[in-house]
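The residues making up each chain are set out below.
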Amino acid sequence: MKWLVAFIILTTFYPNSLDAVPTVEKKHPVNPEQMGGHYQGDMVFPEDAATKGAASRPTWQHWPSGVIPYDMTSSILSNHSALILDAMRRMENLTKVNDRMCIQFRPKTNTDPIFITIKNGTGCSAHVGYLQNFTLNRTLTLMYAPPYTCMITGIIQHELLHILGFFHEQSRPDRDDYVSIQWENIINGTEFNFAKYSVDDIDSLGLPYDYGSVMHYAGNAFTSNGQPTIIAKRNITSTLGQRVGMSSIDIAEVQRYYGCLTAPTSSLSPKLITSISLKLVLLIFHIGLFCIDLVKMNTFNF
């Protein structure tokens, strides 16, 4: 009986006294897309590459004819190889226009000077775009090291879209109209991963901002405290960072970027358009001043 009384006293007034191990602060789970240590977590660029494009403006970022040769290394398990190939086939089928392929992933041949190497490694990462005139190994790294894995269809498609030349959705020039970056919740020193680019760097291809894009960061990307780092402004119930598969807008972006569907583009650069617009405004302003002067001088003949 006395042991029962002692137990009740201990559990009532000293609830932590029975813990054999001190309480350890919970760590926030690490997204494998953030583990590679590359730009924005998973994007690999040559050091002297000037482009920054998720629909990158430079045409040399496009893979010629939308064909991407690949080398599947032995570091990829056979069942994972099948999963990667399935993700590729899904992308090919989703982006078809009138039953014609817009993009195609195929094994490399001896005549392919440029191809991607698919391998197991640290994190999930990929080189961005074709990278013409660069001498380097273009890699697609898909880690499988339980409990961490990139072997999820949506993650594989995310990295393959980088290969095709696409950046993260929240890098768009208009992103501040749609999301709010919670800078105070971002891991110190990783703020650069939330950079926003100008219309000179990124072509949005005339398509709307896509909360449901497979290329969007998760709402807690690079969080230091478990709190959101990105919050949707217009649709607060939106789930950011899905990794199920390409959204309808992701599909349209590939089709437009690779010329399978016509994109509403201009032959004039954004800077030139801005310059012309300012000059027109100034011209109209000066014409207005001239008309006012004429009225004051009573020089109109009616």
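Owing to the predicted nature of the structure, the values given are computational and were not obtained by experimental measurement.

Novice: Help me understand the overall build of the protein, please; the structure alone is not making it clear to me.
Specialist: What the protein contains, in helices and strands, is five helices and ten strands. Taking all 302 residues of the protein together, the buried fraction comes to 42%. Of the contacts formed within the protein by residues at least 6 apart in sequence, a portion of 75% connects residues at least 24 apart. Element-wise, carbon and sulfur atoms account for 59% of the exposed surface of the protein, whose accessible area totals about 17,100 Å².

Novice: Would you mind going over the pairing of strand 3 (residues 104-107) with me for this structure?
Specialist: The side chains of a regular strand alternate, first on one face of the sheet and then on the other. Pairing analysis gives four bridges linking strand 2 (residues 67-72) to strand 3, with the strands arranged parallel. Directly across from Tyr-70, in strand 3, lies its bridge partner Pro-107.

Novice: Is there a simple way to think about the UniProt feature "active site" (unreviewed entry) in the protein in this case?
Specialist: Within this numbering scheme, the UniProt entry marks Glu-159 as carrying the feature "active site" (unreviewed entry). As for its placement among the helices and strands, Glu-159 is situated in helix 3 (residues 153-164). Judged by its relative accessible area of 0%, Glu-159 falls in the buried class.

Novice: Explanation requested: helix 2 (residues 78-94) in the structure shown.
Specialist: Along an α-helix, a turn takes 3.6 residues, which lines up residues three or four apart on a common side. Spanning 17 residues, helix 2 covers 24 Å between terminal C-alpha atoms, matching the ideal 24 Å at 1.5 Å per step. Taken together, the buried positions of helix 2 are His-80, Ser-81, Ile-84, Ala-87, Met-88, Met-91 and Glu-92. Summarising the axial view, the buried residues of helix 2 lie within an arc of 140 degrees, below the 170-degree limit, and thus occupy one face. Considering only its buried residues, helix 2 is in contact with strand 2, strand 3, strand 4 (116-119), strand 6 (138-142), strand 7 (144-145) and helix 3.

Novice: I would appreciate a short explanation of the nonpolar core in the present structure.
Specialist: One recurring pattern in soluble globular proteins: nonpolar side chains tend to sit buried together. If you look at the biggest cluster of nonpolar residues, it comprises 40 residues, and the most contacted ones within it are Phe-105, Ile-118, Leu-161 and Leu-164. Those elements that place two or more of their residues in this core are strand 2, helix 2, strand 4, strand 5 (124-127), strand 6, helix 3 and helix 4 (248-257). Per-element accounting of this core gives the leading share, six residues, to helix 3. Residue contacts for Ile-118: discarding those within four places in its chain leaves Tyr-70, Asp-71, Met-72, Thr-73, Ile-76, Ile-84, Met-88, Leu-140 and Leu-142. Ranked by size, the runner-up nonpolar core spans 13 residues in total, among them Tyr-211, Tyr-217, Ile-230 and Ala-232.

Novice: How should the state of the cysteines be read in this particular structure?
Specialist: Working definition of a disulfide: a covalent bond connecting the sulfur atoms of two cysteines. What the rule picks out here adds up to two disulfides. Disulfide pairing is shown between Cys-102 and Cys-260; the S-S distance is 2.1 Å. Disulfide Cys-102 to Cys-260: torsion about the S-S bond roughly 100 degrees, handedness right-handed. Here Cys-102, found in the loop between helix 2 and strand 3, pairs with Cys-260, found in the loop between helix 4 and helix 5 (270-296); they are 158 residues apart in sequence, far enough to count as distant. With its bonded cysteines labelled in order along the sequence, the protein shows the pairing 1-4, 2-3.

Novice: What is the right way to look at the packing of aromatic side chains in this model?
Specialist: Aromatic rings in a pair are described by how distant their centres are and how their planes are angled relative to each other. The full count for this structure, using the stated rule, is ten aromatic pairs. Centre to centre, the rings of Phe-194 and Phe-222 are 6.1 Å apart; their planes meet at 75 degrees, and the pair counts as edge-to-face. Of the two residues, Phe-194 is situated in the loop between strand 9 (179-181) and strand 10 (230-232) and Phe-222 in the loop between strand 9 and strand 10; the sequence distance between them amounts to 28 residues. Phe-222 carries the same exposure label as Phe-194, and that label is buried. Relative to Tyr-258, the ring of Tyr-257 lies with its centre 5.3 Å away and its plane at 90 degrees, an arrangement referred to as edge-to-face. Both residues of the pair, Tyr-257 and Tyr-258, belong to the buried class. Against the face of Phe-115 rests Lys-108, its NZ or CZ located 4.9 Å from the ring centre. Lying over the aromatic face of Tyr-178, Arg-234 brings its terminal NZ or CZ to 4.3 Å of the ring centre.

Novice: Just checking my understanding: could you explain the pattern of salt bridges for this structure?
Specialist: Any two side chains of opposite charge can pair, given that their charged atoms come close. Per the counting criterion, the structure on display carries seven salt bridges. A salt bridge links Arg-106 to Asp-112; the shortest N-O distance between them is 2.8 Å. Classification of Arg-106 as partly exposed rests on a relative accessible area of 24%. On the accessibility criterion, Asp-112 (13% relative accessible area) is buried.

Reading guide: rules and limits
Residues numbered from 1 in each chain as written. Predicted model: local features only at pLDDT ≥ 70, side-chain atom pairs only at ≥ 80, totals over all residues. Heavy atoms only, no water. Helix = DSSP H or I, 4+ residues; strand = E, 2+ residues; numbered from the N terminus. Buried < 20%, exposed > 50% of the residue type's maximum accessible area, 1.4 Å probe, protein only. Contact = heavy atoms within 4.5 Å. Areas by Shrake-Rupley, 256 points an atom, 1.4 Å probe, with all protein chains shown as cover. Pairing = 2+ DSSP bridges. UniProt positions renumbered as here; feature names shortened; annotations may be inferred. Expected span 1.5 Å × (residues − 1). Arc of directions from axis to C-beta. Core = buried A, V, L, I, M, F, W, Y, C linked by side-chain atoms within 4.5 Å. Disulfide = S-S within 2.5 Å. Phe/Tyr/Trp six-rings, centres within 6.5 Å; stacked < 30°, edge-to-face > 60°. Lys NZ or Arg CZ within 6 Å of the ring centre and 35° of its normal. Salt bridge = Lys/Arg side-chain N within 4 Å of Asp/Glu carboxyl O.

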